[in-house]
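Descriptive structure summary
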Amino acid sequence: MWLQSVITRVTLAHERERLWASRVALVVKLQARLRGFLVRRQLAARRHVLQEQRPAAIRIQACWRGYRQRRAYLHRLHYLKSNTEAAIKIQAAVRMWQARRKYQERLRYFRQNIKAVVKIQAFVRANKARGDYRLLVHTKSPPLSIVRRFIHLLEQSQHDFWEESEVLRLQEEVVKRIRASRQLESDLDLMDIKIGLLVKNRITLQEVVSHCKKLTKKNKEQLSEMMSMDKQKGLKTLSKEKRQKLEAYQHLFYLLQTQPVYLARLIFQMPQNKSTKFMESVIFTLYNYASSPREAYLLLQLFKVALQEEIRSKVDHVHDILTGNATVIRLLVGFYRNLPGQSALRHILAGPVQEVLQDRTLSINTDPVDIYKAWINQTESQSGHRSKLPYEVSPEQALSHPEVQRRLDISIRNLLAVTDKFVSAITSSVDKIPYGMRYMAKILRMSLVEKFPKASAEEVDKIVGNLLYYRFMNPAVVAPDGFDIVDMSAGVALRPEQRRSLGAIAKVLQHAAAHKAFQGDSAHLCGLNQYLEHTHSKFRRFISAACCVPEPEERFDVDEYSEMVAVAKPVIYITVGELINTHKLLLEHQDSITSHPSDPLHELLEDLDELPTVQSLLGDSVGSLADSSAEQLSQLSRTEISLTLTNKLVPVASSEESDTRSLLLSTKQMLVDLIQCQAGDSLPDILWTPASEHEEAAHEHLVCQRALWDAQSSAQLKHHPCLAANSQLSMEEKKRKVIRNLRRLESLGLVHSASHYQELIDELAKDIRNQRRHRQQRRGELLKLRHTLEGLDAKTLFYEEQIDYYNQYIKTCLDNLAASNKGSGKSKKLPSLHYTAAQLWEKGVLLEIQDLPPSQLKNVVFDIIPCEESGKFQVKAKFMGIDMEDFQLHYQDLLQLQYEGVAVMKMFHKAKVNVNLLIFLLNKKFFKK
């Protein structure tokens with residue numbers, strides 16, 4: 001039992017030991033948690049104590065730290081106070097070293113980037129200037145500081161005067177060149193007529209040779225001694241009467257130029273032949289052929305008023321513009337197609353036209369009968385046998401042959417291919433069309449819509465398209481050589497097949513623009529109708545784009561200040577004949593032009609009094625020419641005079657307004673000088689603050705410089721005498737005068753002292769803006785005038801080539817004539833003819849002699865004596881053996897009369913002769929015709 005109990009105890013102890021051994025980790029973890037619990041409880045107790053004593057601990061720590069800090073601070077303060085001077089020296093040296101190092105680094109950086117610095121500074125200054133100018137332009141009342149910054153722009157520099165002089169010179173040169181070119185063209189046309197008459201009548205070419213010589217003299221602007229005159233005589237003589245006459249003409253033409261309603265009405269009062277020839281010349285001369293923005297603007301206003309007047313009074317149906325020959329449209333198209341529009345037509349059409357002319361294989365023939373005949377001719381030429389087909393057939397019979405149809409299809413395909421190029425060139429060149437043509441197209445559309453509101457947009461577009469394409473472009477497509485579209489050598493003409501191709505292209509383009517289908521006689525081209533529909537839509541888009549143009553005021557930048565800002569007055573160059581004829585027409589139609597008795601035109605015509613003569617306008621130097629020939633008077637009437645146009649305030653009541661304007665203008669001019677030379681925040685500060693010596697010196701320099709420029713300028717560019725006198729005053733005198741003027745202006749309600757005369761500052765800002773626009777316009781005008789002169793030089797060169805070609809032709813005719821005379825074997829001296837009046841009456845040459853009965857005709861003898869100069873005859877009349885009268889007969893004049901259809905002419909103011917029979921007699925007796 002005991003053993004059992006010992007074994008059991010030992011066993012239990014062993015198992016217990018093994019159990020603990022297997023549970024060591026658990027026991028360790030349990031012990032760790034117990035120890036952790038005890039430590040945490042102890043820590044919590046300690047923390048609790050510390051939390052309860054925290055305010056006391058913080059206070060103790062703060063007191064200790066404060067004590068230590070005060071002790072260290074007092075020690076440091078005592079040390080610094082004892083070494084104050086040394087600390088200051090050290091700090092100054094350190095700061096100096098730091099500043100020097102920073103400055104040197106900055107300076108080194110600037111030197112390395114000097115270009116960038118300059119650019120940045122320039123950008124900043126430019127940005128500031130742009131901001132100031134934007135403030136000047138867009139602010140209703142800009143401050144004086146902003147106006148002062150740009151006030152120098154109102155000064156006319158030497159460059160401004162040079163540009164103004166250059167513009168005047170180029171304008172005069174352009175007008176003279178245009179006039180000379182037109183005269184040369186007219187003389188060339190006359191040469192054509194004379195050469196044609198000469199060949200027709202087989203006479204000597206001495207007249208034509210003399211005309212050629214006259215051409216070269218006219219080109220060089222040389223006149224005979226009899227016609228040379230002093231430019232200071234005549235209308236511009238320094239006498240009161242002549243001066244008043246000159247001023248009256250200046251006022252009249254200024255009124256006609258700026259008030260287009262007078263010329264617009266005059267155009268419709270004249271017969272069509274006069275309005276076409278004379279008025280065309282006068283209108284374009286009056287507006288200097290639109291050689292400047294001002295004249296271009298005024299000419300457009302005339303066209304606009306005239307077109308609106310014509311549509312209002314003469315167009316009853318919307319299609320009357322198409323069927324009738326509108327006067328305004330004729331003048332409009334003639335101007336823009338021959339002058340500014342010639343280069344535009346060349347740019348638009350030169351490419352496709354050149355392709356047509358250079359393509360030797362191109363064949364466009366849309367006439368079935370012509371195609372049929374060409375086919376027959378080709379067949380007979382190749383076979384050598386006569387064709388069995390009839391030569392004369394109808395279009396339907398020609399189209400019945402497959403070969404004709406095949407060739408027609410080829411021509412149509414070629415036609416469409418080439419026409420597409422023309423359509424593309426035209427519709428993509430809206431911007432190249434002259435602005436005047438586009439604007440008048442816009443006015444035409446607006447006027448038609450206003451008068452015919454029920455008309456469809458398509459009908460109106462047809463009429464506008466008729467103006468832009470048919471009248472403006474179509475003639476250049478049909479005859480490119482006549483409009484300088486392509487370069488042609490003198491004497492070289494287009495081949496018939498080239499003209500036929502261009503005519504076919506122009507026909508398709510015309511039908512497309514007018515939305516007209518092929519039918520009737522052109523039924524064989526009905527396959528093109530779908531193409532016409534498609535192309536017409538392109539033309540309508542082209543017309544709409546062409547009419548989208550700004551108003552002339554915006555285009556040419558013209559407003560009420562344009563005349564005041566311009567340095568030079570407008571000048572026109574007009575011939576004596578044009579001036580007299582214009583005066584005569586105004587006198588004849590003044591009641592139709594204006595019916596109001598107080599209209600300024602009536603007063604201006606009364607100032608001019610009676611109609612002058614050529615001699616009275618040119619002066620005493622041609623007074624001896626009163627009995628001159630018609631040719632001499634005609635040449636005198638082509639003498640040019642220049643008129644400086646001025647406005648006249650016709651109503652007497654307007655003198656007060658004129659004084660106010662002069663007062664305002666002189667006040668502004670003096671303020672410009674004061675603002676430039678003296679600083680101040682407002683006008684009262686400038687006016688009531690004495691100027692310093694430096695400011696007085698600056699003002700003196702400004703006055704001297706302006707006087708120097710004014711002395712070097714021409715009479716047309718000089719300042720007004722009143723303004724020039726005010727400019728010479730000193731600063732104090734100007735201030736006193738400005739103060740007096742301001743009081744007068746304030747009494748008129750134009751300025752107010754309460755606003756520090758801000759109204760005048762606003763006026764100066766407007767003048768600055770307008771002066772800038774004027775300078776920009778002037779630069780553009782110079783460029784345009786130079787381009788115009790280049791084009792006129794090219795045109796003159798072309799005419800010179802034509803003259804050379806004519807001279808060569810005349811030389812050939814002279815050689816042939818000389819050979820003919822040699823063959824005849826007759827002497828060059830021709831015998832005189834002696835006929836009694838009765839003999840000439842029997843031949844039908846003499847019709848009657850005034851106040852002489854037929855029974856006395858046998859007592860009258862006519863001697864026809866040939867002169868040394870071929871083509872001229874001396875006709876002497878004798879009555880019963882007594883010499884009565886002499887008459888100089890020009891054979892060329894007889895041919896001209898015959899050409900003009902004149903059948904009867906007078907000799908000796910009494911004898912009537914038959915022109916045709918007289919030519920027959922001279923041909924038979926002198927030229928052996």
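Residues numbered from 1 in each chain as written. Predicted model: local features only at pLDDT ≥ 70, side-chain atom pairs only at ≥ 80, totals over all residues. Heavy atoms only, no water.

1. Topic: the overall build of the protein chain
Filter applied, for reference: Strands here mean DSSP runs of E at least two residues long; helices mean DSSP runs of H or I at least four residues long; both are numbered from the N terminus. Here, residues are in contact when the closest pair of their heavy atoms is within 4.5 Å. Residue exposure ignores everything except the shown protein chains as possible cover, and the areas themselves are Shrake-Rupley values with a 1.4 Å probe.
Helix and strand counts for the protein chain stand at 37 helices and nine strands. A fraction of 73% describes how many contacts in the protein chain between residues 6 or more apart in sequence connect residues 24 or more apart. Here the protein chain has roughly 53900 Å² of accessible surface; of this, 55% comes from carbon and sulfur atoms.

2. Some words on helix 17 (residues 402-427)
Defined as follows: In this scheme, a helix's expected span is set at 1.5 Å multiplied by one less than its residue total. Note on classification: 1.4 Å probe, protein chains only; a residue is buried when its accessible area is under 20% of the maximum for its type, exposed when over 50%, partly exposed between these limits.
For helix 17, with 26 residues, the first-to-last C-alpha span of 37 Å sits near the 38 Å given by 1.5 Å per residue. Considered for burial, the residues of helix 17 that qualify are V404, L408, S411, I412, L415, V418, T419, F422, V423, A425 and I426.

3. Focus on the sheet that holds strand 3 (residues 833-836)
This is how the line gets drawn: When DSSP finds two or more bridges between a pair of strands, those strands are recorded as paired. Convention adopted: a line fitted to C-alpha atoms gives each axis, helices being fitted over their contacting stretch, and angles between N-to-C directions are expressed from 0 to 180 degrees.
Judged by pairing direction, the sheet is antiparallel, and its four strands sit side by side in the order 3-5-6-7 without closing on themselves. Sheet topology places strand 3 and strand 7 (882-890) at the edges, where each strand pairs with a single neighbour. With direction set aside, neighbouring strand axes in the sheet form an average angle of 20 degrees. Two elements, strand 6 (residues 872-879) and strand 7, share eight bridges in a ladder whose sense is antiparallel. Among the inter-strand pairings, V875 is bridged to a residue of strand 7, identified as F887.

4. Some words on the confidence of the model for the protein chain
For clarity, the threshold we go by: In predicted models, pLDDT denotes the confidence assigned by the predictor to each residue on a 0 to 100 scale.
On average, residues of the protein chain score 77 in pLDDT, and 80% of them are at 70 or above. Taking the mean pLDDT of every element in the protein chain, the minimum, 44, falls on helix 7 (residues 206-219) and the maximum, 92, on helix 3 (residues 84-112). Counting contacts from residues 203-233, a segment whose pLDDT is below 50, to residues more than four positions away or on other chains yields 59 contacts. The model gives residues 817-827 a pLDDT under 50, and that stretch makes four contacts with residues more than four places away or in other chains.

5. As for the sheet that holds strand 9 (residues 911-914)
One open sheet accounts for three strands, arranged 4-9-8; its pairing is antiparallel. Every interior strand has two partners, whereas the edge strands, strand 4 (846-849) and strand 8 (904-907), have only one. Neighbouring strand axes in the sheet, compared pairwise and without regard to direction, differ in orientation by 25 degrees on average. In terms of strand pairing, strand 8 meets strand 9 through four bridges, oriented antiparallel. In the sheet register, V904 faces strand 9, and the bridge partner there is N914.

6. Quick look at a nonpolar patch on the surface
What counts here: A patch consists of residues whose relative accessible area exceeds 30% and which take part in no salt bridge; residues with like charges are grouped when within 9 Å of each other, and nonpolar side chains (Val, Leu, Ile, Met, Phe, Trp, Tyr) when within 5 Å. Whenever Lys or Arg places a side-chain nitrogen within 4 Å of a carboxyl oxygen from Asp or Glu, that contact is recorded as a salt bridge.
A contiguous nonpolar surface patch, about 370 Å² in accessible area, is contributed by W2, L3 and I7. Considering the arrangement of structural elements, one finds I7 in helix 1 (residues 2-22). You can call I7 partly exposed: its relative accessible area is 43%.

7. So, the side chain of S292
Here S292 is to be found in the loop between helix 10 (272-286) and helix 11 (293-314). Among all residues touching S292, those that are not within four sequence positions of it are Q171, E781 and K784.

8. Topic: the packing of helix 25 (residues 576-593) against helix 26 (residues 600-608)
Note the cut-off: By definition, turning the near helix anticlockwise from the far helix through less than a right angle yields a left-handed crossing, and turning it clockwise yields a right-handed one.
Where helix 25 contacts helix 26, the axes come no closer than 11 Å and their chain directions differ by 145 degrees. Crossing of helix 25 against helix 26: the hand is left-handed. Residues H583, L586, L587, Q590, D591 and I593 of helix 25 form the contact with helix 26, whose participating residues are L601, H602, L605 and L608.

9. Observations regarding the pairing of strand 5 (residues 860-866)
Direction of pairing for strand 3 relative to strand 5: antiparallel, over a ladder of four bridges. Bridge pairing links L833 to I864 in strand 5. Bridge count between strand 5 and strand 6: seven bridges; the pairing is antiparallel. Looking across to strand 6, one finds that D863 is bridged to K876.

10. Comments concerning the nonpolar core
Condition: In this description, a nonpolar core means a group of buried Ala, Val, Leu, Ile, Met, Phe, Trp, Tyr and Cys residues linked to one another through side-chain atoms lying within 4.5 Å.
Counting residues in hydrophobic clusters, the biggest one holds 137 residues, and the most contacted among them are L349 and F422. The dominant element in this core, judged by the number of residues it contributes, is helix 11, at 10 residues. Counting residues in hydrophobic clusters, the runner-up holds 32 residues, among them Y133, L136, L144 and L154.

11. Structural notes on the environment of I803
As for its position among the elements, I803 is in helix 34 (residues 758-824). The exposure class of I803 is buried, given its relative accessible area of 8%.

12. Some words on the packing of helix 18 (residues 435-451) against helix 19 (residues 457-471)
Going by this rule: Oblique is the label for any angle not covered by the other classes, which are roughly parallel (under 35 degrees), roughly antiparallel (over 145) and roughly perpendicular (65 to 115). Just so you know the grouping, Ala, Val, Leu, Ile, Met, Phe, Trp, Tyr, Cys and Pro go in nonpolar, Asp, Glu, Lys and Arg go in charged, and all remaining residues, Gly too, go in polar.
Contact geometry for helix 18 and helix 19: axes closest at 10 Å, N-to-C directions at 155 degrees. Between helix 18 and helix 19, the angle falls in the class roughly antiparallel. Helix-helix and strand crossings are classified by hand; for helix 18 and helix 19 the assignment is right-handed. Mapping the contact onto sequence places M437, M440, A441, L444, R445, L448 and V449 in helix 18 and V460, D461, I463, V464, L467 and L468 in helix 19. Here the contact of helix 18 with helix 19 is built from residues that sort into 11 nonpolar, no polar and two charged.

13. Details of the pattern of salt bridges
In total, this model carries 15 salt bridges according to the counting rule given. For K442, the salt bridge is made with E551, and the minimal N-O distance between the two is 3.1 Å. Of the two residues, K442 sits in helix 18 while E551 sits in the loop between helix 22 (529-547) and helix 23 (552-555), which places them 109 residues apart along the sequence. With its nearest N and O atoms 4.0 Å apart, the salt bridge here joins K735 to E732. Here the residue K735 and the residue E732 both occupy positions in helix 33 (residues 731-747), the gap between them amounting to three residues, near one helical turn. What you see here is one network of salt bridges that share partners, running through E403, R406 and R407.

14. Thoughts on the packing of aromatic side chains
Threshold: Here the aromatic set is Phe, Tyr and Trp, taking the six-membered ring for Trp, and pairing holds for ring centres within 6.5 Å; pairs whose planes are under 30 degrees apart are stacked, those over 60 apart are edge-to-face, and all others are tilted.
Enumeration over the complete set of coordinates arrives at 11 aromatic pairs. Here the aromatic rings of Y249 and F253 are separated by 6.4 Å at their centres, their planes lie at 35 degrees, and the arrangement is tilted. A residue pair is termed a helical-turn pair when its members lie 3 or 4 positions apart in one helix, as Y249 and F253 do in helix 8 (residues 240-258) at four residues. Residue F253 is classed as buried on the basis of its relative accessible area, which comes to 1%. Centre to centre, the rings of F303 and Y336 are 6.3 Å apart; their planes meet at 55 degrees, and the pair counts as tilted. In this pair, F303 sits in helix 11 while Y336 sits in helix 13 (residues 327-338), placing the two residues 33 residues apart along the sequence. For the residue pair F303 and Y336, the accessibility class agrees, reading buried in each case. Through a chain of ring-to-ring contacts, the aromatic side chains of F284, F303, F335 and Y336 assemble into a single cluster.

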